[in-house]
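# Summary of structural features
The residues making up each chain are set out below.
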Amino acid sequence: MIYALLRPLLFRLEAERAHELVTALFRATGRAPLLPRLVHALYAWDDPILAVQWAGLRFASPVGVAAGFDKRAELVDALALLGFGHVEVGTVTPRPQPGNPRPRLFRLPQDAALINRLGFNGPGMVAVARALRARRVAAGPVVGVNIGKNRNTPLERAVEDYVAAFVALAPLADYIAVNISSPNTPGLRLLHERAALEELLRELSACNRALPHPRPIALKVSPDETPAQLETVVRAGCEAGVAAFIATNTTLARPGLRSPLAGEVGGLSGRPLAERSRAVIAAIFAMTHGKPPVIGVGGVAGPDDAYAHIRAGARLVQLYTGMVYAGPAIARDTKRGLARLLRRDGLTSLEDAVGIDVCTAGG
Ligand SMILES: Cc1cc2nc3c(=O)[nH]c(=O)nc-3n(C[C@H](O)[C@H](O)[C@H](O)COP(=O)(O)O)c2cc1C
C-alpha cells in the first residue's frame, strides 16, 4: 500500500541511487525510537507451520534475503523487522573494492527483472566483521555471510581470498555461503570445475574444523551450468560435506525479455530466472534427495513462486529482485500465502512439501 505510492518515485531514480536511498531509510528505521516497533507491528507475521530447521539453525520461516542486498551487514535487523527469517550478507571480499563503473544496475520493469554488473563492490571483510560485531541483538534472524574473491586476485590464488574471508567472518556468522557463481567477477565461475572446487572446499573445510564451533558451509551455484557440470559440482560438494546448495545466482541468459535494457551486460535476476532456478533446484534435489538441502533463490516474488521452489526441492528460499518490485511487505505476504497453500494441500509442516513434485515425478 505505502509502496504503491513510493515505488513510482523510486523508479524515477537511477536504480543504484534508489537502492542507496532505501538502505538509508532502513538504517534510519533501526535508529529511530519507536519506528522499529511500528514496522514490526506492520510486517511481522509468523506461523508455526512455516518453521524450518537446517544444520542446527532454527528459522521462524523459510523466506530470507538473498546476497547482494546487504553487502555491508548494516541492514540485518531492519530486514528482520520486515519478517525475513534469515539474511545473507555479502558478497564480502577480503579487501575493499569499488566494483564496476556506474551505471551497473538496471531495472527491466516489463520483465519484473534486474540486470546487475556490480562486481562485488563492498567495504571488505574487516569493515563487515566490525558491523557484525556491532549488532547488539540477542535474538534475531539467522545471519549468513556470503564470501568471494577480490577482482584483482588471480584465479590460481582465489582459495587464499576465500580462506581469509572465511577466517575473518565465519565466527560472526550462523552459516557461510561460498559464492563461486557471480557472473561479474572474471573467471569466478571456473571454480565450478572439479579440481578447483575440490581444493577450495578442502581448504575451507580444514579452516572450519579448526573453529570451536564449525559453521554450516553452503555452496552457491550458477544457473548456467550444463547438467553434467552441475552433477560434478553437486558430487564434489557432497563429498566435501557442504551443508547446502544455494541455487541459483543470476543468469547470463536472456530468455525472451521485452525490456529495452535487456541487452545490458551482467547477471539477470527476477521473474525470467524463476523457471531456470527451479529446474536447477529440482535437478540438485533429484541427486541428493534433500541431503544436503537446497536453498532456492531466483525469481521469487510471492507465495506461488516460493511454494513452487519448495515443491521442487528447496528447504529455504531467498529473494532480492521481488522486493524491488513488490516492496517491503513481500516477506509477510509470501509467508501468509505459503501457510495457506500448505493447508490447502493438507500438509502440516513446510518440510513435508520439500521436493514433493520431484518425488512424485520420480515415482
Ligand atoms: C543487485 C544485485 C546484487 C547481487 N549481488 C550478489 C552478491 O554480491 N553475491 C551473490 O551471491 N549474489 C548476488 N546477487 C544474486 C542474488 O543473491 C540472487 O541469487 C539472484 O538475484 C536471484 O534472486 P532474485 O531473482 O530473487 O533476485 C545479486 C543480485 C542483485 C539483483
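Residues numbered from 1 in each chain as written. Predicted model: local features only at pLDDT ≥ 70, side-chain atom pairs only at ≥ 80, totals over all residues.

## Quick word on the overall build of the chain
Our working definition: Numbering goes from the N terminus for both helices and strands, where a helix is a DSSP run of H or I of at least four residues and a strand is a run of E of at least two. In this setup the radius of gyration rests on C-alpha atoms only. A globule is expected at 2.2 Å times the number of residues raised to 0.38. Any residue whose C-beta has 12 or fewer other C-beta atoms within 10 Å is treated as exposed, any with 20 or more as buried, and any in between as partly exposed, C-beta atoms being built from the backbone.
Per the secondary structure count, the chain includes 13 helices and 13 strands. For 363 residues, the compact-globule estimate of 2.2 N^0.38 gives 21 Å, and the C-alpha radius of gyration of the chain, at 19 Å, lies within 12% of that figure. Taken along the three principal axes of its C-alpha coordinates, the chain extends 50 × 50 × 45 Å. Burial status across the chain gives 48% buried among its 363 residues.

## What about the pairing of strand β12 (residues 294-297)?
Spelled out, the test is: At least two DSSP bridges between two strands are needed for those strands to be called paired. The crossover handedness rule: strands pointing away from the viewer, path from first strand over the helix to second strand clockwise, crossover right-handed.
Residues of β12 alternate between two faces, with V294 and G296 on one and I295 and V297 on the opposite face, all of them buried. Across 4 bridges, the pairing between β12 and strand β13 (residues 314-319) is parallel. Residue G296 lies in a different strand from β13, and its bridge partner there is V317. As a crossover connection, the stretch from β12 through helix α10 (residues 303-311) into β13 is right-handed.

## Quick notes on the nonpolar core
We apply this condition: To form a nonpolar core, buried Ala, Val, Leu, Ile, Met, Phe, Trp, Tyr and Cys residues must be joined through C-beta atoms within 7 Å. Residues are defined as contacting one another if the C-beta atoms placed from their backbone atoms lie within 7 Å.
Residues L169, I176, A218, F245 and I246 are the most contacted members of the largest nonpolar core, which totals 104 residues. Counting residues per element, this core draws most heavily on helix α9 (residues 274-288), at 7 residues. Contact partners of F245, with chain neighbours within four places excluded, come to A218, L219, V221, V234, G237, I284, P292 and V294.

## A short note on the site of the ligand
Which entries qualify depends on this criterion: Throughout this description, a residue near a molecule or strand is one whose C-beta atom, derived from the backbone, lies within 6 Å of it.
Looking at the ligand, there are 27 residues lining it, with A66, G68, S269, Y320 and T321 nearest. Of all the elements in the fold, those that place two or more residues in the shell around the ligand are β4 (86-92), β6 (113-116), β11 (267-270) and α11 (321-326).

## Structural notes on the pairing of strand β7 (residues 142-147)
Among the 6 residues of β7, 6 are classified as buried, and the element is accordingly described as predominantly covered. Every second residue of β7 is oriented toward a common face, with V142, G144 and N146 on one face and V143, V145 and I147 on the other, all of them buried. As judged from the 6 bridges shared by β4 and β7, these two strands associate in the parallel manner. Bridged to H86 within β7 is V142. Pairing geometry for β7 and strand β8 (residues 175-179), over 4 bridges, is parallel. Looking at the pairing, N146 lines up with A177 of β8. With respect to chirality, the unit in which β7 leads through helix α6 (residues 158-169) into the neighbouring parallel β8 is right-handed.

## Examining the environment of L200
By the element assignment, L200 lies in helix α7 (residues 194-209). Expressed as a C-alpha distance, the spacing of L200 and E160, which sit 40 residues apart in the sequence, is 9.0 Å. Once you skip the residues sitting within four places of it in the chain, L200 turns out to touch V159, Y162 and L191.

## Section: the sheet that holds strand β3 (residues 63-65)
Counted only if it meets this: Note on geometry: axes are lines fitted to C-alpha atoms, helical ones only across the stretch in contact, with angles between N-to-C directions running from 0 to 180 degrees.
In spatial order, the strands read β3-β4-β7-β8-β9-β10-β12-β13; together these 8 strands close into a barrel with parallel pairing. Neighbouring strand axes in the sheet, compared pairwise and without regard to direction, differ in orientation by 25° on average.

## Focus: the environment of P48
Looking at the element boundaries, P48 is found in the loop between α3 (35-43) and β1 (52-54). For the pair P48 and T348, spaced 300 residues apart in sequence, the C-alpha to C-alpha distance is 9.6 Å.

## Examining unusual backbone geometry
Across the junction of G90 and T91, the peptide omega takes the value 10°, indicating a cis bond. Cis geometry marks the peptide bond from K291 to P292; its omega dihedral reads 0°. Mapped onto the fold, P292 is located in the loop between α9 and β12. Backbone geometry places H289, a non-glycine residue, at a positive phi of 50°. For H289, the position within the fold is in the loop between α9 and β12. Since 13 C-beta atoms lie within 10 Å of it, H289 is described here as partly exposed.

## Topic: the sheet that holds β11
Taken together, 3 strands build an open sheet; the order of strands is β5-β6-β11 and the sheet is antiparallel. Looking along the sheet, the strands with just one partner apiece sit at the ends: β5 (105-108) and β11. Across this sheet, the average inter-strand angle for adjacent strands is 25°, counted without regard to direction. Both β6 and β11 contribute to a ladder of 4 bridges, which runs antiparallel. Paired with L114 across the bridge in β11 is S269.

## Here we look at the packing of helix α5 (residues 125-134) against α6
Cut-off, in case you're wondering: By the definition adopted for this analysis, an angle is roughly parallel if under 35 degrees, roughly antiparallel if over 145, roughly perpendicular if from 65 to 115, and oblique otherwise. By convention the crossing between two helices is left-handed if the near helix lies anticlockwise of the far one by an angle smaller than a right angle, and right-handed if it lies clockwise. Amino acid classes used here: Ala, Val, Leu, Ile, Met, Phe, Trp, Tyr, Cys and Pro are nonpolar; Asp, Glu, Lys and Arg are charged; the rest, including Gly, are polar.
Packing of α5 against α6 leaves a shortest axis separation of 10 Å and a crossing angle of 20°. Here α5 lies roughly parallel to α6, going by the angle between them. For α5 against α6, the interelement crossing comes out right-handed. Each of M125, V128 and A129 in α5 lies in contact with α6, whose residues at this interface are A164, A165, A168 and L169. Within the contact of α5 with α6, the residues separate by chemical class into 7 nonpolar, no polar and no charged.

## Some thoughts on the packing of α7 against helix α8 (residues 227-240)
Following both chains from N to C, one finds α7 and α8 inclined at 25°, their axes separated by 10 Å at the closest point. Classed by the angle they form, the pair α7 and α8 counts as roughly parallel. Considering only the axes of α7 and α8, their crossing is right-handed. Contacts between α7 and α8 involve R194, L197, E198, L201, R202 and S205 from the first element and T232, V233, A236, G237 and A240 from the second.

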